Amino acid sequence: MISIEPLDGPFGCAAHGVDLAAGVTVDHFRTLSQALYRHRVLVVKGQTCDKDAYLRFGRQWGVPIQHVVDTARMPGYPDLLEVGNVAKRRQDQLTRNSAAFWHTDQSYDADVATATMLYARKVPDQGGETRILDMKAAFDDLDADVRHRIDGLTAMHFYGATSGRDGELPTPKLTDAQAANVPPVPHPLVRPHAVTGERVLYAIGGTAFDIEGMPAEEADALIRKLKAHCVQDRYIYDHKYEVGDIAIWDTQMTMHSATPIGAPNGPGTERLLWRISVRGVPGIYAQAAAA
Ligand SMILES: [Fe+2]
């Protein structure tokens, strides 16, 4: 029996009574996905599954994305990323904190991510939260004339486009070979959700750098203004992980930012999460989306 309860914050929910190791039935998946689309964040509590069971669950949400930073892919499991501070490559401060800025996963791809999930395997006593921002609430709070003005505009996106701005940590640069796989791409500034059709301001942090048909300075000012509006505490939920949590967020309706973390230096300081990002819509909605 699954129960869905609100999280302690402005939005989001937690699911109890799910066991990924045993598999998630279509009915249970429908309950979980409807909870995600309604609440933007869904934390599935108390999991003890292995990588294969986790990937099976990930594939119920869409097609796993192999990250453009190929060195971050997990050996033997290229659809998984190890996030945190324990991997050798994460001993570098910028690599360890490469998600510590407001962004939307894969907004630099033509075919964007529709959900991301992090499965907490090791959590530090202090810090290590993921900050998640409700873009729907932020969009709905914009003045009607602003919403009207930006709906129909197209933003350009590029990996690392606004790296290091607004006091955020810079994003490690892609190699030339990696960058060749992610040329600049356009996305609507106000984008409909692939399942619910809800329209929301999309990916205004991290990758948006230009707006088609608008002078560069004006576009930059608009992007900065919209981001500043979104990044307000009243729209943000900070998730403090417990081991066994799988935090899932709807990347079409949120932005997120990792809390910067130091290198591990003793008990209670290690952070390790397995990440899956997917594109497309869950199989159970695919037929409706295609119609
Ligand atoms: Fe991310």
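Residues numbered from 1 in each chain as written. Predicted model: local features only at pLDDT ≥ 70, side-chain atom pairs only at ≥ 80, totals over all residues.

## Observations concerning the overall build of the protein
Next up, step 1: Within the protein, the secondary structure is distributed over eight helices and 17 strands.
Next up, step 2: Evaluated residue by residue, the protein yields a buried proportion of 41% over its 291 residues.
Next up, step 3: Looking at the protein alone, contacts between residues at least 24 apart form 81% of all its contacts between residues at least 6 apart. (Helix = DSSP H or I, 4+ residues; strand = E, 2+ residues; numbered from the N terminus. Buried ≥ 20, exposed ≤ 12 C-beta atoms within 10 Å, placed from the backbone. Contact = placed C-beta atoms within 7 Å.)

## Notes on the environment of Ala14
Next up, step 1: Note that Ala14 resides in strand S2 (residues 13-16).
Next up, step 2: The class of Ala14 is buried, set by 21 C-beta atoms lying within 10 Å.
Next up, step 3: Taking C-alpha positions, Ala14 is 5.8 Å from Val44, a pair spaced 30 residues apart along the chain.
Next up, step 4: Setting aside residues up to four positions removed in sequence, Ala14 forms contacts with Glu5, Leu7, Val43 and Lys45.

## Some remarks on helix H1 (residues 26-39)
Next up, step 1: Between the first and last C-alpha of H1 there are 20 Å, a value that for 14 residues agrees with the 20 Å anticipated at 1.5 Å per step.
Next up, step 2: Against strand S1 (3-6), S2, strand S3 (41-44) and strand S15 (246-250) lie the buried residues of H1.
Next up, step 3: Following H1 by one or two positions, Arg40 has its phi on the positive side, about 75 degrees. (Expected span 1.5 Å × (residues − 1).)

## Concerning the sheet that holds strand S9 (residues 154-157)
Next up, step 1: As summarised here, the arrangement of the three strands in space is S10-S9-S13, forming an open sheet in which the pairing is antiparallel. Every interior strand has two partners, whereas the edge strands, strand S10 (185-188) and strand S13 (208-211), have only one. With strand direction ignored, the average angle separating the axes of adjacent strands in the sheet is 40 degrees. (Pairing = 2+ DSSP bridges. Axes fitted to C-alpha atoms, helices over the stretch in contact; angles between N-to-C directions.)

## Quick look at the nonpolar core
Next up, step 1: Counting residues in hydrophobic clusters, the biggest one holds 63 residues, and the most contacted among them are Leu42, Leu133, Met135, Leu201, Ala247 and Ile248.
Next up, step 2: Per-element tally for this core: the top contributor is strand S7 (residues 113-122), with six residues.
Next up, step 3: Not counting residues within four places of it along the chain, the set of residues in contact with Leu42 comprises Cys13, Ala15, Leu32, Ala35, Leu36 and Ile248. (Core = buried A, V, L, I, M, F, W, Y, C linked by C-beta atoms within 7 Å.)

## Topic: unusual backbone geometry
Next up, step 1: Notably, Gln106 is not glycine yet its phi reads approximately 60 degrees, a positive angle.
Next up, step 2: Examined against the element boundaries, Gln106 turns out to sit in the loop between helix H3 (93-96) and S7.
Next up, step 3: Assessed through the 24 C-beta atoms surrounding it within 10 Å, Gln106 is described here as buried.
Next up, step 4: The backbone of Asp166 sits at a positive phi, close to 55 degrees, despite the residue not being glycine.
Next up, step 5: Looking at the secondary structure, you find Asp166 in the loop between S9 and helix H6 (176-180).
Next up, step 6: Residue class for Asp166 comes out exposed when judged on the 12 C-beta atoms lying within 10 Å of it.

## Some remarks on helix H7 (residues 216-230)
Next up, step 1: With 15 residues, H7 extends 21 Å from end C-alpha to end C-alpha; this agrees with the ideal 21 Å at 1.5 Å per step.
Next up, step 2: Turning to H7, its buried residues number three or more, namely Leu222, Ile223, Leu226, Lys227 and Cys230. The arc that holds the buried residues of H7, viewed along the axis, is 130 degrees, so those residues lie on one side. Pointing more than 90 degrees away from the buried face of H7 are the exposed residues Glu217, Glu218, Ala221, Lys225 and Ala228.
Next up, step 3: Of the surrounding secondary structure, the elements contacted by the buried residues of H7 are strand S8 (130-134), helix H4 (135-141), strand S12 (199-201), S13 and strand S16 (254-258). (Arc of directions from axis to C-beta.)

## Things to note about the environment of Gln34
Next up, step 1: With respect to the helices and strands, Gln34 occurs in helix H1.
Next up, step 2: C-alpha of Gln34 to C-alpha of Asp210: the two residues are 176 residues apart in sequence and 34 Å apart in space.

## Here's the deal with the sheet that holds S16
Next up, step 1: A sheet is described by the order of its strands in space; here three strands give the open sequence S14-S8-S16, paired in antiparallel fashion. A strand with exactly one partner marks an edge of an open sheet, and here the two such strands are strand S14 (236-239) and S16. Direction aside, neighbouring strands of the sheet carry axes that sit 20 degrees apart on average.
Next up, step 2: One ladder, built from five bridges, connects S8 with S16; its direction is antiparallel. Paired with Arg131 across the strands is Ser257, a residue of S16.

## As for the pairing of S8
Walk down a regular strand and you will see the side chains alternate between the two sheet faces.
Next up, step 1: Of all five residues in S8, four are buried, a share of seventy percent or more.
Next up, step 2: When S8 meets S14, the two strands line up antiparallel, connected through four bridges. What sits directly across from Thr130, in S14, is His239.

The values are spatial; any link to function lies outside them.
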